[in-house]
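Residue-level structural notes
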Amino acid sequence: MTTNPSAASAGEPQFVRLTEAHRKQVGLTVDGAAITALTGDTVLSAILLHTRRVRDTEFSGEPRAGFCLMGACQDCWVQLEEGTRIRACSTFVKEGMHVLTRPAGAVEA
Ligand code: FES
């Protein structure tokens, strides 16, 4: 995967998958929208292959897309539908996962 160089101007996803496209597909939802990812993708990768935003910062409300991509910066918190709060960059996708990027009342995992 790499950052999409035309994403900012064209409204395209933040990431583009370059290789490893033959892994098993995984279905999940993000804010109620069905998307597909590949086994071994992180939630962050799955989201950014479809859009440019993972969450909004609680400080300014500005959209965020993660920063460190390795579980250190806290910039990719999202919530699962049942209320568990996860770091999108260090959580692998699972079939049937329901991810919310604008959660209310999150509980840390
Ligand atoms: S992007 Fe830094 S913790 Fe996930």
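Residues numbered from 1 in each chain as written. Predicted model: local features only at pLDDT ≥ 70, side-chain atom pairs only at ≥ 80, totals over all residues.

1. Describing the overall build of the chain
Within the chain, the secondary structure is distributed over two helices and 10 strands. When the helices and strands of the chain are listed from N to C terminus, the series reads β-α-β-β-β-α-β-β-β-β-β-β. Here the chain holds 109 residues, and 27% of them are scored as buried. Across the chain, contacts joining residues at least 24 apart in sequence account for 39% of those joining residues at least 6 apart. (Helix = DSSP H or I, 4+ residues; strand = E, 2+ residues; numbered from the N terminus. Buried ≥ 20, exposed ≤ 12 C-beta atoms within 10 Å, placed from the backbone. Contact = placed C-beta atoms within 7 Å.)

2. Focus on the environment of V78
Within the secondary structure, V78 sits in strand β7 (residues 77-80). The buried category is assigned to V78, around which 24 C-beta atoms lie within 10 Å. Separated by 34 residues in sequence, V78 and L44 have C-alpha atoms that sit 9.2 Å apart.

3. Section: unusual backbone geometry
Unusually for a residue other than glycine, D31 sits at a positive phi of about 50°. Although it is not a glycine, L69 adopts a positive phi angle of roughly 60°. Among the secondary structure elements, L69 is positioned in the loop between β6 (63-64) and β7.

4. Thoughts on the pairing of strand β3 (residues 25-30)
Relative to strand β4 (residues 33-38), β3 is paired through six bridges, and the arrangement is antiparallel. Directly across from V30, in β4, lies its bridge partner A33. The hairpin turn running from β3 into β4, its antiparallel successor, is two residues long, and D31 in that turn takes a positive phi close to 50°. Strand direction decides the pairing type here: β3 and strand β9 (residues 98-100), joined by two bridges, are parallel. When the sheet's bridge partners are listed, T29 is paired in β9 with H98. (Pairing = 2+ DSSP bridges.)

5. Topic: the nonpolar core
Core analysis: the biggest nonpolar cluster contains 18 residues, and V43, L44, I47, V54, V78 and A88 have the highest contact counts within it. When residues of this core are traced back to their parent elements, those giving at least two are β3 and α2 (43-48). With five residues, the top contributor of residues to this core is α2. (Core = buried A, V, L, I, M, F, W, Y, C linked by C-beta atoms within 7 Å.)

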